[in-house]
Amino acid sequence: SAVELSDNERGELIERLALAAKKEPAQMEWSYLLGRLLNAQGDFQQAADVFAEILAALPEHATQDRAATMTLLAQARFFANDQVADEDIYGLVKRSLELAPEQRQTMGIAGILAFELGHFAAAVEHWKGLYIGMPDGPESQSLGQGIERAASLAAEQGEEIDLSWMERAQIKVF
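Analysis parameters
Residue positions are given per chain, counting from 1 as you read along its sequence in written order. Only residues with pLDDT of at least 70 are given local features in this predicted model, and only at 80 or more are side-chain atom pairs given and counted; all residues enter the totals for whole chains, interfaces and linings. Processing note: side-chain calculations cover all non-hydrogen atoms of the structure and skip hydrogens and water entirely. Working definition: helices are DSSP H or I runs of at least four residues, strands are E runs of at least two. Numbering for both runs from the N terminus. A simple rule labels every residue: compare its accessible area, found with a 1.4 Å probe on the protein chains alone, to the largest value its type can have, and call it buried under 20%, exposed over 50%, or partly exposed in between. Any pair of residues with heavy atoms lying within 4.5 Å of one another is described as a contacting pair. Note on charges: Lys and Arg go in the positive column, Asp and Glu in the negative column, and His and the chain ends are not counted at all. Charge positions are represented by NZ for Lys, CZ for Arg, CG for Asp and CD for Glu. A cavity here means a set of points on a 1 Å grid, drawn over the protein atoms and nothing else, where a 1.4 Å probe fits but cannot get out; a pocket is an open set with protein on both sides within 12 Å along at least five of seven lines, and a residue lines either one if it has an atom within 4 Å of a point. Grid points are joined across faces, edges and corners, and a volume is the space filled by probe spheres set on the points. Residue polarity follows a fixed list, in which Ala, Val, Leu, Ile, Met, Phe, Trp, Tyr, Cys and Pro are nonpolar, Asp, Glu, Lys and Arg are charged, and the others, Gly among them, are polar. Here a pair means two rings of Phe, Tyr or Trp (six-membered ring of Trp) with centres within 6.5 Å. Their orientation is stacked below 30 degrees between planes, edge-to-face above 60, and tilted elsewhere. Any carboxyl oxygen of Asp or Glu within 4 Å of a side-chain nitrogen of Lys or Arg constitutes a salt bridge here. For helices, the fitted axis covers only the stretch in contact; all axes are lines through C-alpha atoms, and the angles between them, taken along N-to-C directions, range from 0 to 180 degrees. Crossing handedness is defined as follows: a turn of the near helix away from the far one that is anticlockwise and smaller than a right angle gives a left-handed crossing, while the clockwise case is right-handed. The set of buried Ala, Val, Leu, Ile, Met, Phe, Trp, Tyr and Cys residues whose side-chain atoms join them within 4.5 Å is what this entry labels a nonpolar core.

What the protein chain contains, in helices and strands, is eight helices and zero strands. In sequence order, the protein chain lays out its α and β elements as α-α-α-α-α-α-α-α. Here the protein chain holds 174 residues, and the buried ones make up 39% of them. Partitioning the contacts of the protein chain with sequence separation of at least 6, the portion at a separation of at least 24 is 45%. Side chains of the protein chain carry 14 positive and 28 negative charges; the gap between the two charge centres is 3 Å.

What follows is the structure in structure tokens.
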């Protein structure tokens, strides 16, 4: 069974993590844990500030860590912005995908943000990578419906999208 922290325990843990992060800035794990905890308890703006500090401190060559941090930063900013997408948040996610194109969670978030911003063809492209790697089932069917909706809205904007890649291979037993 899971043990929940009391509000006092959570507050103390946040204080200690913040102190550890300040005391040992080279140990980014403290800041990472702090950001994740703040995010989990709904302090999205504070979490975003922590993730922005981590991103600024990460070396350019740490591409996987930078990509993961950009995604966490985008998520925190999205929730801090009352779940309203904007081009800055979407730009962070796109940069994350440039660094780590196979990140499935980031593909999903990019698709949602693109869709919300009216970039329907881009939403289809982001979701395509997810869809192709999914087994047939309720999740892929739901995602497929989202892809078809985005393609339909793109067509209304004059962009035709070929969805032939969505056809699933089927095994027929005779």
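The volume enclosed by the largest pocket comes to roughly 340 Å³. Lining the largest pocket are 15 residues, and of these A21, S31, L34, V50 and E53 sit closest to its centre. Listing elements by their share of the lining of the largest pocket, those giving two or more residues are α1 (7-23), α2 (28-40) and α3 (44-57). Reported here for the second largest pocket is a volume of approximately 150 Å³. The wall of the second largest pocket is formed by Y32, R36, Q64, A67, A68, T71, L72, A100, Q103, Q105 and T106. Counting residues per element, the ones that place at least two in the lining of the second largest pocket are α2, α4 (63-80) and α6 (104-116). Tallied by class, residues from the lining of the second largest pocket come to five nonpolar, five polar and one charged.

Right, let's get into the packing of aromatic side chains. Per the stated rule, a full pass over the model turns up five aromatic pairs. Relative to F79, the ring of F78 has its centre 5.5 Å away and its plane inclined at 75°; by these criteria the two rings are edge-to-face. Taking the relative accessible area as the measure of exposure, F78 reaches 14% and is therefore buried. An aromatic cluster of three or more residues is present, and its members are F44, F78 and F79.

Here the focus is the pattern of salt bridges. Summed over all chains, the structure comprises three salt bridges. For E12, the salt bridge identified is with R16, shortest N-O distance 2.8 Å. With a gap of four residues between them, E12 and R16 both fall in helix α1, about one helical turn apart. Given the relative accessible area of 40%, E12 is considered partly exposed.

Now for the packing of α4 against α6. For the pair α4 and α6, interaxial distance at closest approach is 11 Å and the crossing angle is 40°. Taken as a pair, α4 and α6 cross one another with a handedness that is left-handed. On α6, the residues touching T71, Q75 and F78 of α4 are Q105, T106, I109 and L113. When the residues that make up the contact of α4 with α6 are grouped by side-chain class, the tally is three nonpolar, four polar and no charged.

Here we come to the nonpolar core. Nonpolar side chains in soluble globular proteins generally cluster together in the buried interior. Residues F51, L113, W127, L143 and I147 are the most contacted members of the largest nonpolar core, which totals 44 residues. For this core, the secondary structure elements donating two or more residues are α1, α2, α3, α4, α5 (87-99), α6, α7 (120-132) and α8 (138-156). Sequence-distant contacts of L143, that is, excluding residues within four places in its chain, are made with W127, L130, Y131 and M134.

We now examine unusual backbone geometry. At D82, a residue that is not glycine, the phi angle is positive and equals roughly 55°. Residue classification places D82 among the exposed residues on the basis of a relative accessible area of 66%. In this structure, Q83 takes a positive phi of about 60° despite not being glycine. With respect to the element layout, Q83 can be found in the loop between α4 and α5.

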